[in-house]
Structures are given as C-alpha cells and as structure tokens.
Amino acid sequence: DTAVSQTPKYLVTQMGNDKSIKCEQNLGHDTMYWYKQDSKKFLKIMFSYNNKELIINETVPNRFSPKSPDKAHLNLHINSLELGDSAVYFCASSQDRPDRGGDTIYFGEGSWLTVV
Amino acid sequence: SQQGEEDPQALSIQEGENATMNCSYKTSINNLQWYRQNSGRGLVHLILIRSNEREKHSGRLRVTLDTSKKSSSLLITASRAADTASYFCALRPNFGNEKLTFGTGTRLTIIP
C-alpha cells in the first residue's frame, strides 16, 4: 500500500539509450512532480502536473519528457541519455497545486539512474 | 536564490543529546517545511511552519521561525540512532508559482 511508488529503483544504462521511469500515487492527490537529486544532495524540481496538465516546467533539456496519462500516474521518459543525467529521480505528489498552497509533498523512494 | 541554506552541513552527536539544525533564506515565504531523508530512501515530511507562526512542536521535534532574520531551526531532543539521516528545509515562497524549493540538507549522525 505504498503511497507514491516508482519503478525501477535502480537503472544502469549506456549513453545514448532511451529510458523511462514510471510513477503512481494512490493518495488521490491532484498534483504530481518529478525532482532530481544530484550527488551533492541538491534536490531540484523538474516538472509538475495537476490533473494531467503541465503546470511547472523548469529549465530541463527537452530530452526529458513527462507524460501523465491520468492524475494518478506521471512517467518520465529520457532520450539520448548522457553521463550528466546520472542522479536520483524522485516522483512526488501533493493534494493541491503549488500556487494554491499544495503544502505537504509525499515522495517516492527514488530511482537511481547511472549512465555509463 | 530561493532555496534555503542549512547549517551545519554535517553534525555528529552522541545518542541522547539534542541536535539543532538551522536554515537561512533570502526570499519572502508563505511557509517553511522540514523533511528527513534516510540513506537510500525518499524524503519524508516532518513539520510545516507558516510565516505567521513562531514555533511548532511535533513529538521530539521543535521548529522555530524568525521571519525578521529569515531563519528557522529544527531541534531534535533526546536523539536516537534512528534519527541518523539528512534533514532538509524547504521554502514555499510568496510569489511566482510558489513551488517548493529545497536546500542541500544537514547530514545528522547519531553515535550510539
């Protein structure tokens, strides 16, 4: 009964490959997020969706494309992977959207991506 | 920068002692939140304090907020080995799309 679940947890892949990370939340939340945490533990938001609508799109290479088939799912597809993409990617959700005080954020366990 | 900066970056204390971590920021905030991240895990929300609040408690956690100094502190009393983790402050600004921004955390180690 994990609240925010993402798969895979670990992913090792070669440069140039395309990969996807899937995320699902069973909290009934309207808003979902993708965050990237680098080796220095800095956590940066990448995208946010509210009811399948993209509401936050930070300065992220267009090789990264989020897809939200419904409000309970937010997947992240990455094309032409580069060494610098190696990081931990966290999916998260909140009851409401950020600009309406969507306060507490619930995180998944993370997906460790290593590009070799 | 809209992110908070935690201080110290790392802290080691004996079990049973109190641990204090600080967060300083530069922007105007709606609220400030503290999260914990155990090694290899996701972040877990601990406590939220709004800009019109000065202190909040949750179990062994005490958070203070001083908006005039733009700083917050997280106090963990009677620390336990299980408190070993990284602790992040996150800011909800008062403007823009108000997305939550995180600092780089304080790495807390409790020595048994």
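No experiment lies behind these values; they were computed from the predicted model shown. (Residues numbered from 1 in each chain as written. Chains lettered and ligands numbered in written order. Predicted model: local features only at pLDDT ≥ 70, side-chain atom pairs only at ≥ 80, totals over all residues. Heavy atoms only, no water.)

Enquirer: Sorry if this is basic, but what is going on with the overall build of chain A here?
Expert: For chain A, the count of helices and strands is 0 helices and 11 strands. Listing each helix as α and each strand as β along chain A from the N terminus yields β-β-β-β-β-β-β-β-β-β-β. For chain A, whose C-alpha radius of gyration is 13 Å, the value lies close to the compact-globule estimate of 13 Å for 116 residues. Reported as C-alpha extents along the three principal axes, the dimensions of chain A are approximately 40 × 30 × 30 Å. Evaluated residue by residue, chain A yields a buried proportion of 47% over its 116 residues. In chain A, the proportion of contacts linking residues at least 24 apart, taken out of those at least 6 apart, comes to 58%. Accessible surface, chain A as shown: approximately 5600 Å² in total, 48% of it carbon and sulfur. (Helix = DSSP H or I, 4+ residues; strand = E, 2+ residues; numbered from the N terminus. Rg over C-alpha atoms; globule rule 2.2 N^0.38 Å. Buried < 20%, exposed > 50% of the residue type's maximum accessible area, 1.4 Å probe, protein only. Contact = heavy atoms within 4.5 Å. Areas by Shrake-Rupley, 256 points an atom, 1.4 Å probe, with all protein chains shown as cover.)

Enquirer: Would you take a moment to explain the side chain of Gln-37 of chain A for this structure?
Expert: In this fold, Gln-37 of chain A is placed in strand S4 (residues 31-37). Take Gln-37 of chain A: its relative accessible area is 4%, and that puts it in the buried class. Polar side-chain contacts of Gln-37 of chain A include one of 3.2 Å to the backbone oxygen of Lys-41 of chain A. In terms of polar contacts, Gln-37 of chain A uses its side chain to reach the side chain of Gln-37 of chain B, at 3.1 Å. With sequence-adjacent residues up to four places away left out, Gln-37 of chain A is seen in contact with Phe-42, Leu-43, Ala-87, Val-88 and Phe-90 of chain A together with Gln-37 and Phe-88 of chain B. (Polar contact = N/O pair within 3.5 Å; in protein donor to acceptor, adjacent residues only side chain to side chain.)

Enquirer: What exactly am I supposed to notice about the sheet that holds strand S7 (residues 64-70) of chain A here?
Expert: Paired through their backbone hydrogen bonds, the strands of a sheet run either parallel or antiparallel. All names here are of chain A. Strand order in the open sheet made by the 4 strands is S1-S3-S8-S7, with antiparallel pairing throughout. Each edge of the open sheet is held by one strand with a lone partner, namely strand S1 (4-7) and S7. Across the sheet, the axes of successive neighbouring strands diverge by a mean angle of 20°, strand direction being ignored. Relative to strand S3 (residues 19-25), S1 runs antiparallel, the two sharing 4 bridges. In the strand pairing of S3, Ser-5 is matched with Glu-24. (Pairing = 2+ DSSP bridges. Axes fitted to C-alpha atoms, helices over the stretch in contact; angles between N-to-C directions.)

Enquirer: Where do I start with the interface of chain B and chain A in this structure?
Expert: Interface size, as often reported, equals the accessible area lost upon joining of the parts. The partner chain A presents 21 residues to the 22 residues of chain B that form the contact. Carbon and sulfur atoms supply 51% of the area that chain B and chain A bury against each other, a total of about 1800 Å² over both sides. When the buried area of chain B at its contact with chain A is split by residue, Leu-43, Lys-99 and Phe-102 of chain B rank highest and sum to 25% of it. Scanning the region where chain B abuts chain A turns up 2 salt bridges. Here Glu-109 of chain A ties to Arg-41 of chain B by a salt bridge, and the two come within 2.2 Å at their closest N and O atoms. Applying the counting rule to chain B against chain A returns 4 residue pairs in polar contact (both at pLDDT 80 or more). For the side of chain B that touches chain A, the elements supplying multiple residues, two or more each, are strand S4 (29-37), strand S5 (43-50) and strand S9 (85-93) of chain B. Looking at the side of chain B that touches chain A residue by residue, the classes come out as 6 nonpolar, 11 polar and 5 charged. (Buried area = accessible area lost by both parts, 1.4 Å probe. Salt bridge = Lys/Arg side-chain N within 4 Å of Asp/Glu carboxyl O. Nonpolar A, V, L, I, M, F, W, Y, C, P; charged D, E, K, R; others polar.)

Remember that the coordinates give geometry; whether it matters functionally is a separate question.
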